[in-house]
Amino acid sequence: KNQLLSLCGLNCGLCPMFLGKHCGGCGNGNQSCKIAKCSLEHGKIEYCYECEHYPCDTYQHIDEFDSFITHQRQKADLEKAQRIGLEQYNLEQQEKMKILSYLLSNYNDGRRKNFFCVAVNLLELSELQEALNELQSNSELPLFPIKEQCSYVADVLQKIADRKNIKLKLIKNHKS
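This section reports on the structure supplied with the text. Predicted model, so just to flag it, every value in this text is computed and none were measured.

### So, empty space enclosed by the protein
In the structure shown here, the tally under the stated rule is one cavity of 30 Å³ or more. Each pocket or cavity is described by its volume, and for the largest cavity that value is around 50 Å³. As for the largest cavity, its lining consists of N11, R73, D77, K80, Y89, E92, Q93, K96, N121 and E124. At the level of elements, α3 (74–84) and α4 (86–107) are the ones that each hand at least two residues to the lining of the largest cavity. A total of four residues in the lining of the largest cavity trace back to one element, the largest contributor, which is α4. Looking at side-chain class alone, the lining of the largest cavity contains one nonpolar, three polar and six charged residues.

### Here we look at the nonpolar core
Ranked by internal contacts, the top residues of the largest apolar core, which has 28 residues, are L103, L157 and L168. Secondary structure elements with two or more residues in this core: α4, α5 (113–122), α6 (125–137) and α7 (146–163). Formed by 19 residues, the second largest nonpolar core is a distinct cluster that contains I35, Y54, Y59 and I62.

### Here's the deal with the packing of aromatic side chains
With the rule as written, the count across this model stands at four aromatic pairs. With a centroid separation of 5.7 Å and an interplanar angle of 5°, the aromatic rings of Y47 and Y49 are classed as stacked. As far as burial versus exposure is concerned, Y47 and Y49 are alike and both buried. Residues Y54 and Y59 carry aromatic rings whose centres are separated by 5.0 Å and whose planes lie at 80° to one another, so their mutual orientation is edge-to-face. On the basis of relative accessibility, which here comes to 17%, the residue Y54 falls in the buried class. You can call Y59 buried: its relative accessible area is 2%.

### Some details on unusual backbone geometry
Between Y54 and the following residue, P55, the backbone shows a cis peptide bond with an omega angle of -5°. Structurally, P55 can be placed in the loop between α2 (34–41) and α3. Of note in the backbone geometry, K21 takes a positive phi value of approximately 60° without being a glycine. Topologically, K21 is positioned in the loop between α1 (16–19) and α2. A positive phi angle is found at N165, which is not glycine, with a value near 60°. Tracing the sequence through the fold places N165 in the segment after α7. By relative accessible area, which is 70% here, N165 ends up exposed.

### Regarding α5
With eight of ten residues buried, α5 lies mostly within the body of the structure. Residues of α5 that are buried include every one of F115, F116, C117, V118, A119, V120, N121 and L122, and no others. Considering only its buried residues, α5 is in contact with α1, α3, α4, α6 and α7.

### Some points on the environment of D57
Checked against the element boundaries, D57 lands in the loop between α2 and α3. Taking the C-alpha atoms as reference points, D57 and K75, 18 residues apart in sequence, are found 13 Å from one another.

### Looking at the packing of α5 against α7
Look at α5 against α7: their axes get within 11 Å of each other, and the N-to-C directions meet at 30°. Here α7 runs roughly parallel to α5, going by the angle between their axes. Considering only the axes of α5 and α7, their crossing is left-handed. The residues of α7 that touch α5, namely those facing F115, F116 and A119, are V153, A154, L157 and Q158. By residue class, the composition of the contact of α5 with α7 is six nonpolar, one polar and no charged.

Scoring rules and cut-offs
- Residues numbered from 1 in each chain as written.
- Predicted model: local features only at pLDDT ≥ 70, side-chain atom pairs only at ≥ 80, totals over all residues.
- Heavy atoms only, no water.
- 1 Å grid on protein atoms, 1.4 Å probe; cavity = no way out; pocket = protein on both sides within 12 Å on 5 of 7 lines; lining within 4 Å.
- Points joined across faces, edges and corners; volume = space filled by probe spheres on them.
- Helix = DSSP H or I, 4+ residues; strand = E, 2+ residues; numbered from the N terminus.
- Nonpolar A, V, L, I, M, F, W, Y, C, P; charged D, E, K, R; others polar.
- Core = buried A, V, L, I, M, F, W, Y, C linked by side-chain atoms within 4.5 Å.
- Buried < 20%, exposed > 50% of the residue type's maximum accessible area, 1.4 Å probe, protein only.
- Phe/Tyr/Trp six-rings, centres within 6.5 Å; stacked < 30°, edge-to-face > 60°.
- Contact = heavy atoms within 4.5 Å.
- Axes fitted to C-alpha atoms, helices over the stretch in contact; angles between N-to-C directions.
- Parallel < 35°, antiparallel > 145°, perpendicular 65-115°, else oblique.
- Left-handed = near helix turned anticlockwise from the far one by under 90°.

Encoded structure:
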């Protein structure tokens, strides 16, 4: 039901598959999701943290590798939603979606969609707002060619991520 937070803690609204309208939702996409199946087996719970078995073995290494969306904050985001409540969590996600939309509309040279999705997913809302403030205060930015604008924006986000030792790229499991 919630298009901003999935059953397992992924941020649907910040996902390139969701944005491209290629996602059928939990368990309805191209592949069957074992977590969605588990939800059905345990009484069709809406979020894994509602299950008496959470965190189960499935969550032991769930945030070590990414798929088409980052899984790096999956458990932390589920816990945050549980702690602050879904309404407040969704408000934050809506703001992040607005920022992502702004970045994609204004600074995507056709090669930045995944980078921006990962950045908006992994950085805190306050850090994203800091980045936007920096972009909007640079009066020369609109004068740059689009590729330079995009590179500048990516650098701003990367510098903020570097302060927190966050890598703004998907971590692929090369063993599978």
